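Each chain, written out:
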Amino acid sequence: MEPVIAVEQLTKQYGGVRALDGVSFNIDPGEWVAIMGPSGSGKTTLINILGGLDTPSAGRALVDGVELAGLDEEALTRYRSEKVGFVFQQFHLVPYLTALENVMLAQYFHSMTHEAQAARALVRVGLADRMTHLPSQLSGGEQQRVAIARALINQPNILLADEPTGNLDEVNQQLVLNLFHELHAAGQTILLVTHDPAIGRLAGRRIELTHGRLAQIVVSSADDEVRFDHLLEEIFISGEQGTAARAEQLSGVGPLEVGHLLRQMAELRLLDEKSAGIALTERGRKRACDLVRRRRLAERLFMDTFSIEDPEADTHACKFEHIISPELDEKICTFLGHPRTCPHGHPIPPGHCCRPEGHGEPAKLAKIKV
Ligand code: ADP
Ligand code: MG
């Protein structure tokens, strides 16, 4: 697969300031990549170069195999209107044009305006009933959604977003991020600048800059697994207490991430998508059950055997549950004499090692297999 973006030794010098210093990376079609780093690290400079708003001092930036530095002013204008869609922290809407006209304005630079198309774009971002509003009559979140509709109207190859939720309250942040999720699911390539780690984690990869240099590229999956585990446990424990888990009550991860993680977990078939509430699939239940078992066995070990008190025991158990192998799990369980409850009185789901001795709950285990 050809990368949609290829950046090679990209450098940008502003007088004495080196905003970018030999940055290289590739982005594949359909990826959602977060550009992260502290203020002044070169994020905006990078996005502006990729968007054809600025030119590098050295190195190359290729989009769809075309080197941007090789384009003349006319070709660059066409590139900006056809290949990329921009979303900025400030919405940059024309104040005296309606939402619909603001979107149509982006088409105007492209070719012909097409009102029905612009209207569809606004419907897509959830603004069917705001078409004729002026920017001043829209909330910040609505204005940003108009800006996203405008960015998408010419079906760009890449969506470039520079701190798109930086000016929004939490509710609108969530709405806009949901929109990015939908676009990503539909195959849109997204490059999103953010300094918020919770937003960065929504991306498949994070490119981290410091002082204009590439600090690291992080693939999300490794720490996602730990977050899945925390949510699985919370959902399992709610069920144990006889209540169905609700997204807004889950505390294991930040509010911005919950929806994203639950969606991913449904894709991995850990959660039942068809269920109205949050329900574990057989697979999710098994994984949650193993985690809760390891956590509670670890608590027993720390508190009974090593006399470590809460909350220290709890903190250790929380880390332990991710690293105990099935063999060690059984050894600990056997060493402790197959305890049935944790030190707080909650049941320890029985493991393989518990069954022959009759400590387990065969009826329940038989049910899991059905
Ligand atoms: P970020 O978006 O990560 O906060 P920027 O890309 O905006 O960082 O800026 C990187 C560095 O380049 C900063 O030190 C900034 O002051 C400098 N810089 C950015 N744009 C210009 C410019 N047009 N002229 C001079 N210096 C600039
Ligand atoms: Mg910036």
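Only a predicted model underlies this, so the values are computations on that prediction, with no experimental measurement involved.

What counts and how
- Residues numbered from 1 in each chain as written.
- Chains lettered and ligands numbered in written order.
- Predicted model: local features only at pLDDT ≥ 70, side-chain atom pairs only at ≥ 80, totals over all residues.
- Heavy atoms only, no water.
- Axes fitted to C-alpha atoms, helices over the stretch in contact; angles between N-to-C directions.
- Helix = DSSP H or I, 4+ residues; strand = E, 2+ residues; numbered from the N terminus.
- Parallel < 35°, antiparallel > 145°, perpendicular 65-115°, else oblique.
- Left-handed = near helix turned anticlockwise from the far one by under 90°.
- Contact = heavy atoms within 4.5 Å.
- Nonpolar A, V, L, I, M, F, W, Y, C, P; charged D, E, K, R; others polar.
- Domains from an automatic or database assignment.
- Pairing = 2+ DSSP bridges.
- Buried < 20%, exposed > 50% of the residue type's maximum accessible area, 1.4 Å probe, protein only.
- Polar contact = N/O pair within 3.5 Å; in protein donor to acceptor, adjacent residues only side chain to side chain.
- Salt bridge = Lys/Arg side-chain N within 4 Å of Asp/Glu carboxyl O.
- Near = heavy atom within 4 Å.

(A) Summary view of the packing of helix H10 (residues 282-305) against helix H11 (residues 312-320). The geometry of H10 relative to H11 is characterised by a closest axis approach of 8 Å and an angle of 135 degrees between their N-to-C directions. One element, H10, and the other, H11, form an angle in the oblique class. Read as a crossing pair, H10 and H11 show a hand that is right-handed. Taking contact as the criterion, the partners of Arg-295, Ala-298, Glu-299, Phe-302 and Met-303 in H10 are, on H11, Ala-313, Asp-314, His-316, Ala-317, Cys-318 and Phe-320. Considering only residue class, the contact of H10 with H11 consists of 7 nonpolar, 1 polar and 3 charged.

(B) The domain arrangement of the protein, seen in detail. Under the domain assignment, the protein is made up of domain 1 (5-220), domain 2 (222-283) and domain 3 (292-370). The C-alpha centroid of domain 3 is placed 49 Å from the C-alpha centroid of domain 1.

(C) Region of interest: the sheet that holds strand E1 (residues 5-14). The sheet built from 4 strands is open, its strands ordered E2-E1-E4-E5 with antiparallel pairing. With partners counted over all chains shown, the strands left at the sheet margins are strand E2 (17-27) and strand E5 (66-67), one partner each. Here helix H1 (residues 43-50) sits on the sheet in contact with E1, E2 and strand E4 (58-63), set at roughly 120 degrees to E1.

(D) Inspection of the sheet that holds strand E6 (residues 84-87) at higher detail. Strand order in this open sheet of 6 strands is E6-E7-E8-E3-E9-E10, and the pairing throughout is mixed. The sheet terminates laterally at E6 and strand E10 (213-219), the two strands that pair on one side only. Averaged over neighbouring strand pairs, the angle between their axes works out to 20 degrees when direction is ignored. Strand direction decides the pairing type here: strand E9 (residues 205-210) and E10, joined by 6 bridges, are antiparallel. Bridging across to E10, Ile-207 finds its partner in Ile-217. Sitting on the sheet, helix H6 (residues 170-185) touches strand E3 (32-36), strand E7 (158-162) and strand E8 (189-193), and the angle it makes with E8 is about 150 degrees.

(E) Broad picture of the environment of Gly-204. Here Gly-204 lies in the loop between helix H7 (197-200) and E9. Accessibility expressed as a relative area gives 40% for Gly-204, which makes it partly exposed. When sequence neighbours within four positions are dropped, the list of residues in contact with Gly-204 reads Trp-32, Val-218, Val-219 and Ser-220.

(F) A look at the side chain of Arg-295. Position of Arg-295 among the secondary structure elements: in helix H10. In terms of polar contacts, Arg-295 uses its side chain to reach the side chain of Asp-314, at 3.5 Å. If sequence neighbours within four positions are ignored, Arg-295 has contacts with Glu-233, Asp-314, Ala-317, Cys-318 and Glu-321.

(G) Main features of the pattern of salt bridges. This structure, assessed with the given rule, holds 22 salt bridges. For Asp-290, the salt bridge is made with Lys-286, and the minimal N-O distance between the two is 2.9 Å. With Asp-290 and Lys-286 both in helix H10, this residue pair falls 4 residues apart, about one helical turn. Under the relative-accessibility criterion, Asp-290 is labelled partly exposed at 27%. Several salt bridges share partner residues, and in doing so they unite Glu-233, Arg-295, Asp-314 and Glu-321 into one network.

(H) Representation of the side chain of Glu-233 within the structure. Residue placement: Glu-233 occurs in helix H8 (residues 221-240). Judged by relative accessible area, Glu-233 falls into the buried class, the value being 4%. In this structure, Glu-233 is in contact with Leu-291, Val-292, Arg-295 and Glu-321, ignoring residues within four places of it in sequence.

(I) Structural context of the site of ligand 1. Around ligand 1 lies a shell formed by Tyr-14, Val-17, Ala-19, Pro-38, Ser-39, Gly-40, Ser-41, Gly-42, Lys-43, Thr-44 and Thr-45. Within the backbone of Gly-40, a nitrogen or oxygen atom sits 2.7 Å from an oxygen atom of ligand 1. The side chain of Lys-43 places a nitrogen or oxygen atom 2.9 Å from an oxygen atom of ligand 1. Broken down by secondary-structure element, the contributors of at least two residues to the shell around ligand 1 are E2 and H1. With 3 residues, H1 is the single largest residue contributor to the shell around ligand 1. Split into classes, the residues belonging to the shell around ligand 1 amount to 4 nonpolar, 6 polar and 1 charged.

(J) Geometry of the packing of H10 against helix H12 (residues 326-335). Across the interface, H10 lies against H12 with an axial gap of 10 Å and an inter-helix angle of 45 degrees. Classified by the interaxial angle, the pair formed by H10 and H12 is oblique. Every pair of crossing elements has a handedness; the one defined by H10 and H12 is left-handed. Contacts between H10 and H12 involve Arg-293, Arg-294, Leu-297, Leu-301 and Thr-305 from the former and Asp-329, Ile-332, Cys-333 and Phe-335 from the latter. Its residues assigned to classes, the contact of H10 with H12 comprises 5 nonpolar, 1 polar and 3 charged.

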